[in-house]
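Observations on the three-dimensional arrangement
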Amino acid sequence: MPRPQAADYAERRAAIVEGAAGLYAEHGFRGASVADLAARLGSSKALIYHYFSSKEDILFEVMDQHLRALDVAAEAVAARADAPAQTLRDLARAFMAHYAGAQARHRVLLNELAALPPGRRAEIVGRQRRLIAIVERLVARLQPELEPRLRRPAAMLFFGMINWTHTWFDPGGAVSGTEIADLASTLMLRGLALEAGSR
């Protein structure tokens, strides 16, 4: 008969994932061992392996949790019956709000995907593609005249504006995450309008 989970199982597992996100963001996945993670958490390797069977499983959980949260936010915004321009602004704000509190996880996602085993990597890429598809459909609503082959590049350019803010954005700085999101949205909207006007 399997041993029942401890009452704080979920909390301890979450603490491991959070600690790993910070450690991998600072030192890279290959530059940080399970022993390093145990030391950071004031724990032991044995306890970590009680919650995760491998270091790669921890890495996957860091990325998967981050993308799940982004997916929930994106689906909630996309489900509203708002005008497409407002949807884009709300989507950018939702992403930036999440990035501001998950900079380590976002850095790990962008830098360490290749460290995952192929099957797990495919799961993460699948989640990323679902997010891209949401924006791609939004681009089609925003600018129906845009050639279908250009919708994916336009969506990727949108993500390019906000995905790398973790390298320079200071949540406590003079410009807020909401302002950054609005600026990215404005650039996207005006760029699509210019593209349509040039045809």
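Check the entry above for the structure.
Figured I'd write up the structure that's included with this text. Every chain's residues receive numbers from 1 upward, in the order its sequence appears when written. Local features are withheld for residues below a pLDDT of 70 in this predicted model, meaning they are given only at 70 or higher, and side-chain atom pairs are given and counted only at 80 or more; totals for whole chains, interfaces and linings count all residues. Side-chain figures throughout are based on the complete set of non-hydrogen atoms in the structure, without hydrogens or water.

**So, the overall build of the protein**
Summing up its helical and strand segments, the protein has 9 helices and 0 strands in all. When the helices and strands of the protein are listed from N to C terminus, the series reads α-α-α-α-α-α-α-α-α. Projecting the C-alpha coordinates of the protein onto the three principal axes gives extents of approximately 65 × 40 × 30 Å. Three labels apply to residues, based on accessible area from a 1.4 Å probe with only protein chains included: buried if under 20% of the type maximum, exposed if over 50%, partly exposed otherwise in between. Counting across all 199 residues of the protein, residues that qualify as buried make up 42%. In this description, contact between two residues means that some pair of their heavy atoms is separated by no more than 4.5 Å. For the protein, restricting intrachain contacts to residue pairs at least 6 apart in sequence, the fraction spanning at least 24 positions comes to 70%. The Shrake-Rupley method, run with a 1.4 Å probe sphere, supplies the accessible areas, and residue values consider only the shown protein chains as cover. Carbon and sulfur atoms form 55% of the exposed surface of the protein, whose accessible area is close to 10,500 Å². Once the 25 positive and 22 negative side-chain charges of the protein are each reduced to a mean point, those two points are 4 Å apart. For helices the rule is a DSSP run of H or I covering at least 4 residues; for strands it is a run of E covering at least 2, with both sets numbered from the N terminus onward. Charge assignment: positive for Lys and Arg, negative for Asp and Glu; neither His nor the chain ends contribute. Throughout, a charge is located at the NZ atom of Lys, the CZ atom of Arg, the CG atom of Asp or the CD atom of Glu.

**Side note on the environment of Phe 52**
Here Phe 52 lies in the loop between α3 (45-51) and α4 (55-78). Leaving out residues up to four positions away in the same chain, Phe 52 has contacts with Arg 13, Ile 16, Val 17, Asp 57, Ile 58 and Glu 61.

**A closer look at helix α2 (residues 34-41)**
Every buried residue of α2 is listed here: Val 34, Leu 37 and Ala 38. Along the axis of α2, the buried residues cluster in a sector spanning 100 degrees; they form a single face. Residues of α2 that are buried sit in contact with α1 (9-27), α3 and α4. Where α2 begins, one side-chain oxygen reaches toward the backbone nitrogen of Ala 35, 3.3 Å away; that side chain belongs to Ser 33. Phi turns positive, to about 65 degrees, at Gly 42, one or two residues after α2. An arc is given here, and it is the one of the directions from the helix axis to the C-beta atoms. Think of a polar contact as two N or O atoms within 3.5 Å of one another; within protein, one of them needs to be a possible hydrogen donor and the other a possible acceptor, and neighboring residues in sequence only count if both atoms come from side chains.

**With respect to the packing of α1 against helix α6 (residues 103-111)**
Where α1 contacts α6, the two axes come as close as 8 Å, and the packing angle between them is 60 degrees. As summarised for this structure, α1 and α6 are arranged oblique, according to the angle between their axes. The crossing of α1 and α6 is left-handed. Of the residues in α6, those in contact with Val 17, Glu 18, Ala 21, Gly 22, Tyr 24 and Ala 25 of α1 are Ala 104, Arg 105, Arg 107 and Val 108. Side-chain classes are defined by residue name, with Ala, Val, Leu, Ile, Met, Phe, Trp, Tyr, Cys and Pro counting as nonpolar, Asp, Glu, Lys and Arg as charged, and the others, Gly among them, as polar. Of the residues assigned to the contact of α1 with α6, the class counts are 6 nonpolar, 1 polar and 3 charged. Axes here refer to lines fitted to C-alpha atoms; in helices the fit is confined to the stretch in contact. Angles between the N-to-C directions go from 0 to 180 degrees. Just so you know how the angles are binned, under 35 degrees is roughly parallel, over 145 roughly antiparallel, 65 to 115 roughly perpendicular, and the rest oblique. Crossing chirality is assigned from the near helix's rotation relative to the far helix, an anticlockwise turn below a right angle marking it left-handed and a clockwise turn marking it right-handed.

**So, the nonpolar core**
Of all hydrophobic cores here, the largest spans 57 residues; its most connected members are Tyr 24, Phe 95 and Phe 158. Ignoring anything within four residues of it in the chain, the contact list for Phe 95 reads Leu 70, Ala 74, Leu 131, Phe 158, Phe 159 and Ile 162. Buried Ala, Val, Leu, Ile, Met, Phe, Trp, Tyr and Cys residues form a nonpolar core when they are joined through side-chain atoms within 4.5 Å.

**Quick look at the environment of Leu 59**
With respect to the helices and strands, Leu 59 occurs in helix α4. Overall, Leu 59 belongs to the buried group, its relative accessible area being 0%. Placed 38 residues apart in sequence, Leu 59 and Ala 21 show a C-alpha to C-alpha distance of 7.8 Å. If near-sequence neighbours (up to four positions away) are discounted, Leu 59 is found in contact with Tyr 24, Phe 29, Val 108, Glu 112, Ala 115 and Leu 116.

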